[in-house]
Amino acid sequence: MIFCINQRSEGEGAVLMNKKYKVLFKDTIIFALGGLGSKLILFFLVPLYTNYLTTEEYGVADLVFTIAQLIIPIVSVVIFEAVIRFGLMKDKNPAAVLKAALVVTFIGSIVTVAISPLVGLYRSIAAWKWYLCIYIILNVASNVLKSYLKVKDKNKSYAIISVSQTLCLALLNILLLVVFHTGVEGYLLSNIIALAAATVLTIAVGGVVKDLKKVPLDRVLLQEMVLYSAPLILNDLSWWVIHSSDKMMLEAMVGAAALGIYTVATKMPSLINVLIGIFSQAWGLSSIKEMDSTNDTKFYAQVFEGYSFVTFGACVLIVSIVKPFMALYVGKNFQGAWVYVSLLLVSAVFSSIASYYGQLYVALKKSVNNMITTLTGAVVNIIVNFIFIPIVGIWGAVIGTVVAYIVLATARMIDVNKYIEIKIDHRKYFLNCTTIIAQGIIVSADFYVIPVSIVSIVLFVLINRDMFNILLGTVKRK
């Protein structure tokens, strides 16, 4: 079924459209203050890690959190996604939604403790299995509670808590790594303590205890939420495969040192991921509200136009400066990581496109479709990794990531269009894709980096001159 735009007067439609953009813009700014602040702090912690941890230590520390992200969807049933979707429904009590989610969280915590000895069988992280267990329990609880803040429209509190958590993490990292030289243990403890502090703060700010006392446990609602979120387990596991399976395969096939180098290379694309994360949170809320009201497909198309313009543009600019920046950014043992960054930035752009359409799946309640498309990308990623990592090492992981995200983004664009007819400029989209892929490959080969980057920037401006004209006109009016 293709949704149609409701008939309304031109004046009324313009007012409603402006209101929608204002809400989306306001939420984006709020999440930007929290997300951008947090991610920038984390981004600038990388030089500390690369100077106070060896490549092997950094690889092992990252592996602990990589495995945590594999276990979290299973023990949580991804219930925090259901908190947002059901909490925003007009006929549901947000406090009842939270209570149901916390029941799932409690059961998941018991399961986490029970399986921790099994996780310890993985020799590379055996010494850190209880750190992993505590981190998983806190992470699930924190995600549920922070989702509740969004439901209660306490986005400013969410942003402040996110920044506070990251500042706490930074201070603990400096204390434990720089002052006390505690290595991997200090890295893990910093994350756990910061996450625990943020969880306690969220409970206090969100009025969680008071709200929970007002409602009984709604077993029917609990069942509905689990049925909604359960298919997302495979979806999140598939995301994990695309994001992180290459790290475990690198560690197994090449070694912890290669994993450390690759982990550092993925930090630069986190600048694109910052934009994705900030916008996706706001877009997720707006798309749900829009789907449940007027369902204006023109709104979806115009948001995609601006969103893709920003992500493509950010990629072209960052790739242009990646080589000199990485020389200053990381410790000398990690200098070789720069060659992998350009194509990982390209993969981040396609991840952003996939994320945009993924939020529409949430609004449509098409969690099965969400799962199938992500699973497709995961299967592609695994196959390419198995073929290329043994042959070309880290490059195999890079190739697998890029190909998987291209497949995922394309699959979602085609599938979502069956339910919502979003009219985008396919010619412009193809030219933008071609530009960033070509630039990424040539820069990675260290071939005339400056001239190629200049040409890429010029091409991007020409391809997107209509957007630049709109920006220029807006600036003139202001």
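Rules used throughout
Residues numbered from 1 in each chain as written. Predicted model: local features only at pLDDT ≥ 70, side-chain atom pairs only at ≥ 80, totals over all residues. Heavy atoms only, no water. Helix = DSSP H or I, 4+ residues; strand = E, 2+ residues; numbered from the N terminus. Buried < 20%, exposed > 50% of the residue type's maximum accessible area, 1.4 Å probe, protein only. Areas by Shrake-Rupley, 256 points an atom, 1.4 Å probe, with all protein chains shown as cover. Arc of directions from axis to C-beta. Contact = heavy atoms within 4.5 Å. Polar contact = N/O pair within 3.5 Å; in protein donor to acceptor, adjacent residues only side chain to side chain. Phe/Tyr/Trp six-rings, centres within 6.5 Å; stacked < 30°, edge-to-face > 60°. Core = buried A, V, L, I, M, F, W, Y, C linked by side-chain atoms within 4.5 Å. Axes fitted to C-alpha atoms, helices over the stretch in contact; angles between N-to-C directions. Parallel < 35°, antiparallel > 145°, perpendicular 65-115°, else oblique. Left-handed = near helix turned anticlockwise from the far one by under 90°. Nonpolar A, V, L, I, M, F, W, Y, C, P; charged D, E, K, R; others polar. 1 Å grid on protein atoms, 1.4 Å probe; cavity = no way out; pocket = protein on both sides within 12 Å on 5 of 7 lines; lining within 4 Å. Points joined across faces, edges and corners; volume = space filled by probe spheres on them. pLDDT = per-residue confidence, 0-100. Patch = residues over 30% accessible without salt bridge, like charges linked within 9 Å, V, L, I, M, F, W, Y side chains within 5 Å. Salt bridge = Lys/Arg side-chain N within 4 Å of Asp/Glu carboxyl O. Expected span 1.5 Å × (residues − 1). Bend = angle between axes of the 7 residues up to and from the residue.

Time to look at the overall build of the chain. A count of helices and strands for the chain gives 20 helices and 0 strands. Counting across all 478 residues of the chain, residues that qualify as buried make up 56%. Just so you have it, the chain exposes about 20,800 Å², and 69% of that area is on carbon and sulfur atoms.

Listed as buried for helix α10 (residues 219-229) are L221, L222, M225, Y228 and S229. An end-on view of α10 places all buried positions within 130 degrees of arc, on one side of the element. Seen from the open side of α10, the exposed residues pointing more than 90 degrees away from its buried face are R219, V220, Q223 and L227. Buried positions along α10 lie against α4 (79-87), α5 (94-119), α11 (231-253), α15 (338-364) and α16 (367-392). The N-cap of α10, judged by a side-chain oxygen 3.2 Å from the amide nitrogen of V220 a few residues on, is D218.

What follows is about the packing of aromatic side chains. All chains considered together, the criterion is met by 21 aromatic pairs. Aromatic side chains W128 and Y131 sit 5.6 Å apart centroid to centroid with 65 degrees between the ring planes, which places their arrangement in the edge-to-face category. Neither residue differs from the other here; W128 and Y131 are each classed as buried. One aromatic cluster is present, formed by Y49, Y58, F65, Y135, Y187 and F334 through successive ring pairs.

Time to look at the nonpolar core. Counting 140 residues, the largest nonpolar core has L132, M225, M326, Y357 and I422 as the members making the most contacts within it. Per-element tally for this core: the top contributor is α15, with 19 residues. Sequence-distant contacts of M326, that is, excluding residues within four places in its chain, are made with V264, M268, Q335, A337, W338 and V341.

Relative orientation of the contacting elements α15 and helix α17 (residues 394-416) amounts to 25 degrees, with a least axis distance of 8 Å. As the angle between them shows, α15 and α17 are arranged roughly parallel. Taken as a pair, α15 and α17 cross one another with a handedness that is left-handed. Of the residues belonging to the contact of α15 with α17, the class tally is 20 nonpolar, 5 polar and 2 charged.

The topology assignment puts S76 in helix α3 (residues 55-76). Separated by 2.6 Å, the side chain of S76 and the backbone oxygen of I72 make a polar contact.

Right, let's talk about empty space enclosed by the protein for a bit. Under the counting rule described, the total for this entry stands at 4 cavities of 30 Å³ or more. For the second largest cavity, the calculated volume is near 80 Å³. In this structure, the second largest cavity is lined by F304, E305, S308, F309, F312, I424, D425, K428, Y429, N432, N464 and M467. Counting residues per element, the ones that place at least two in the lining of the second largest cavity are α14 (297-329) and α18 (426-444). The dominant element in the lining of the second largest cavity, judged by the number of residues it contributes, is α14, at 5 residues.

On average, residues of the chain score 86 in pLDDT, and 86% of them are at 70 or above. Contacts from residues 1-13, a stretch scored under 50 in pLDDT, to residues over four places away or in other chains number 21 contacts.

For the pair α10 and α11, interaxial distance at closest approach is 4 Å and the crossing angle is 35 degrees. On α11, the residues that touch L227, Y228 and S229 of α10 are P231, L232 and I233. Grouping the constituent residues of the contact of α10 with α11 by class yields 5 nonpolar, 1 polar and no charged.

The next subject is a nonpolar patch on the surface. A contiguous nonpolar surface patch, about 660 Å² in accessible area, is contributed by L234, L375, V379, I383, I387, F388, I391 and V392. Ranked by the residues each element gives to the nonpolar patch, the list is headed by α16, at 7 residues. Relative to the helices and strands, V379 resides in helix α16. Under the relative-accessibility criterion, V379 is labelled partly exposed at 43%.

This next bit is on the side chain of Q439. Looking at where Q439 falls in the secondary structure, it is placed in helix α18. A distance of 3.2 Å separates a polar side-chain atom of Q439 from the backbone oxygen of V316. Setting aside residues no more than four positions away along its own chain, Q439 makes contact with V316, V319, S320, V452, S453 and S456.

Here V264 is to be found in helix α12 (residues 256-265). Not counting chain neighbours up to four residues away, the residues in contact with V264 comprise T50, Y58, M326, V330, F334 and A337.

Right, let's get into α5. Helix length check: α5 (26 residues) gives 35 Å between terminal C-alpha atoms against 38 Å at 1.5 Å per residue, within 8%. The largest bend in α5 comes to about 30 degrees, at V113, with the proline P117 one to four residues further on. Where α5 begins, the capping side chain belongs to N93, and its oxygen is found 2.9 Å from the backbone nitrogen of A95.

Oppositely charged side chains are able to pair whenever their charged atoms sit close together. Applying the stated rule across the entire model yields 7 salt bridges. Between K247 and D62 there is a salt bridge whose closest N-O contact spans 3.1 Å. Of this pair, K247 sits in helix α11 while D62 sits in helix α3, placing them 185 residues apart in sequence. As far as the burial class goes, K247 and D62 line up, both buried. Several salt bridges share partner residues, and in doing so they unite E305, K428 and D466 into one network.

Right, let's get into unusual backbone geometry. Unlike most non-glycine residues, D153 shows phi in positive territory, near 60 degrees. Examined against the element boundaries, D153 turns out to sit in the loop between α6 (129-151) and α7 (155-179). At H181, a position not held by glycine, the phi torsion is positive, near 55 degrees. You can see H181 is positioned in the loop between α7 and α8 (183-205). With relative accessibility at 56%, the residue H181 sits in the exposed group.

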